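Coordinate inspection notes
Okay, here's what each chain looks like letter by letter:
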Amino acid sequence: MDSKKRIIILGATGSVGATVLSEIAQFPNQFEVVGISCHSAVDRLREIVHQFSPKAVAIVDSPIGVDFRGMLFQGVSGLAQMIDALDFDVLVVALSGVNGLKATLKAIEKGKDIILANKEILVIAGAMVTHFAKQKGVSILPLDSEHNAIFQCTRGDNRFIKNLWLTASGGKFWNVDSATMAGATVETVLQHPRWSMGKKITVDSSTMANKGLEIIEAMHLFAVDATRIRVAIHRSCIVHSLVEFCDGSFLAQMSPVSMKYAARHCLFYPERIALEEQSLDLYQLGSLDFEYPDLERFPCLRLAIEVAKEKQSRHIAFNAANEIAVELFLQKKIAFGSIPRLIENALSRIESRDYETVEEILAVDQMVRCKTKQLAHP
Ligand code: NDP
Ligand code: MG
């Protein structure tokens, strides 16, 4: 790299944000963090400011003032304002939820490449985001591990894909019966057997709603329809996903269970960084296992597979209802088993249609969130 890549990280205080920052910290001559955002974790934000000295910070929701000498942006609109104000090369979208949609579109409008961990944006507005990126000649590099794996296999050429195979750990309950699962506590659900991640995605992993969201994410990233995306339970989480090509060959990407490999790939793309460390020892690995997912025991995945074949309104509703249901479960207001019921209820109230504007998309998202809250507490 000739000069430093200037990077903005939305969601810098989160789990993916931490992984990206720790990779960046190892290569201070190659990257410069110029902007960061958080929702409300200002203490962690201060630590990052201290270590990386960004020019700007955006705080979406902070009850207290923050003493910062650079540019300070606040509220959801502050995310897009920060993107507008800064000179940068790459935007890392690592915040959770849908608040990063306008900021991502703003970066694309400025012709900046995107490293995208946030699947929600693609689930609710994937056609709009990918179409706009194509129009502006902007690359969207997937950081979500499965999609990063597929991207490493296709190298950005989607022409010869026959099927995509998304691997799934199966989460906490891959072999637990439905009745036991329905009554699972927050504490149990948050202990993921393989990955260390934010709370929302850890719950989504246990219900397998995460894999459902990833099917829709993959449809948009790789221009493949839902009928050509398969899910395979792969307990060891070494194969991060596979591409089945039209001539019968399969390609898979393998690396240990850590987001750092996908982060590293995205940060250095289209180059690769040469490192001494040994990542996998194939002799220790032994065999690789793949299984069919049980859609009876994982109704969130079953619903998502159906919804993926339908139009955008249904994708938005699935995502919004799931997000509210997970929030209520984490607050111990509903049972684990109520999550799919709330999603199903939200879906039963929305027709299948597409939208043209961000405003329409966000209005439907809000409407489903309100309705789901009402349904949970009639
Ligand atoms: P975390 O909960 O650890 O972090 C979320 C980040 O987003 C934090 O910086 C948080 O700020 C910020 N944030 C939370 N809510 C909002 C909001 N309403 N508006 C603006 N910012 C907000 O999540 P993860 O890092 O686990 O996940 C981030 C995204 O990446 C998600 O979309 C997830 O699906 C995706 N992903 C995560 C993976 C993982 O390994 N964790 C793997 C693949 C994809 P604050 O700290 O102030 O709350
Ligand atoms: Mg994933």
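A brief report on the enclosed structure follows. For every chain, the first residue of its written sequence is number 1, and the numbers climb from 1 along that sequence. As a convention, the first chain written is A and the first ligand written is 1, with the rest following in written order. Confidence filtering applies because this is a predicted model: local features only for residues at pLDDT of at least 70, side-chain atom pairs given and counted only at 80 or more, and all residues used for totals across whole chains, interfaces and linings. Think of the side-chain values as coming from all heavy atoms in the structure, minus any hydrogens and water.

Numbering of helices and strands starts at the N terminus; helices are DSSP runs of H or I of at least 4 residues and strands are runs of E of at least 2. Looking only at helices and strands, the protein has 16 helices and eleven strands in total. Atoms considered for the radius of gyration are the C-alpha atoms alone. The globule rule reads 2.2 Å times the number of residues to the power 0.38. Taken over C-alpha atoms, the radius of gyration comes to 20 Å for the protein, in line with the 21 Å a tight globule of 378 residues would show. We call a residue buried when its accessible area falls under 20% of the maximum for its residue type, exposed when it is over 50%, and partly exposed in between, using a 1.4 Å probe and counting protein chains only. For the protein, buried positions account for 54% of its 378 residues. Contacts are residue-level and defined by heavy atoms, with any inter-residue pair within 4.5 Å sufficient. Counting contacts in the protein only where the partners sit at least 6 residues apart, residues at least 24 apart contribute 68% of the total.

All right, on to the nonpolar core then. The nonpolar side chains of a soluble globular protein tend to be buried, and buried together. To form a nonpolar core, buried Ala, Val, Leu, Ile, Met, Phe, Trp, Tyr and Cys residues must be joined to one another through side-chain atoms within 4.5 Å. Counting residues in each nonpolar core, the largest one holds 128 residues, and the members touching the most others are L143 and I339. Of the residues forming this core, the biggest block, ten residues, is contributed by helix α14 (residues 312-330).

Right, let's get into the site of ligand 1. Nearness here has a simple test: a residue counts as near a molecule or strand if at least one of its heavy atoms is within 4 Å of that partner. Around ligand 1 sit 24 residues in total, of which T13, S15, S40, A41 and E120 are the nearest. Take V16: an N or O atom from its main chain is 2.9 Å from an oxygen atom of ligand 1. Bound to the protein, ligand 1 loses 84% of the 890 Å² it would expose on its own. When contributions to the shell around ligand 1 are tallied by element, the ones reaching two or more residues are α1 (15-25) and α5 (119-136). Think of it as three bins: nonpolar holds Ala, Val, Leu, Ile, Met, Phe, Trp, Tyr, Cys and Pro, charged holds Asp, Glu, Lys and Arg, and polar takes everything else, Gly as well. Classifying every residue of the shell around ligand 1 by side-chain character gives eleven nonpolar, ten polar and three charged. Think of a polar contact as two N or O atoms within 3.5 Å of one another; within protein, one of them needs to be a possible hydrogen donor and the other a possible acceptor, and neighboring residues in sequence only count if both atoms come from side chains. Residue burial considers only the protein chains on display, and all accessible areas are found by Shrake-Rupley using a 1.4 Å probe.

Outside of glycine, negative phi angles account for most residues, and trans bonds account for most peptide bonds. A cis amide bond links Y269 with the next residue in sequence, P270, at an omega value of 10°. With respect to the element layout, P270 can be found in the loop between α11 (260-268) and α12 (282-285). At A223, a position not held by glycine, the phi torsion is positive, near 50°. Checked against the element boundaries, A223 lands in the loop between α10 (209-222) and β9 (229-233). For A223, a relative accessible area of 64% corresponds to the exposed category. In this structure, C237 is a non-glycine residue whose phi angle is positive, near 55°.

A separate point is the coordination of the magnesium ion (ligand 2). For Na, K and Ca the donor cut-off is 3.2 Å, and for all other metals it is 2.8 Å, counting N, O and S atoms only; because water is absent from this set, sites may look incomplete. Distances from the magnesium ion (ligand 2) to its protein donors, namely D144 (OD), E146 (OE) and E214 (OE), fall within the range 2.1 to 2.2 Å. Spacing between the donor residues of the magnesium ion (ligand 2) along the chain follows D-x1-E-x67-E. Placement of D144 in the loop between β7 (140-142) and α6 (145-154) and of E214 in helix α10 is noted, with a sequence separation of 70 residues between them. Classification of D144 as buried rests on a relative accessible area of 7%.

The next thing to look at is the pairing of strand β3 (residues 56-59). Neither face of β3 is left uncovered, since the one carrying A56 and A58 and the one carrying V57 and I59 both have all their residues buried. When DSSP finds at least two bridges between two strands, those strands are taken to pair. Strand direction decides the pairing type here: strand β2 (residues 31-38) and β3, joined by four bridges, are parallel. Pairing of S37 across the sheet is with A58, part of β3. With the strands pointing away from the viewer, any crossover whose connection runs clockwise from the first strand over the helix to the second is right-handed. Between the parallel elements β2 and β3, the chain passes through helix α2 (residues 42-52) in a crossover that is right-handed. In the sheet, β3 pairs with strand β4 (residues 71-74) via four bridges, with the strands oriented parallel. Looking at β4, one finds that I59 is bridged to Q74.

The subject of this paragraph is the pattern of salt bridges. One side-chain nitrogen of Lys or Arg within 4 Å of one carboxyl oxygen of Asp or Glu is enough to make a salt bridge. Tallied over the entire structure, the rule returns 21 salt bridges. Here R314 and E310 are joined by a salt bridge, their closest N and O atoms 2.6 Å apart. Where R369 meets E323, a salt bridge forms, and the shortest distance between an N and an O atom there is 3.2 Å. On the criterion of sequence distance, the pair formed by R369 in helix α16 (residues 358-376) and E323 in helix α14 is long-range, its members being 46 residues apart. Ionic contacts of the salt-bridge type, sharing partners, join the residues K119, D144, E146, K211 and E214 into one network.

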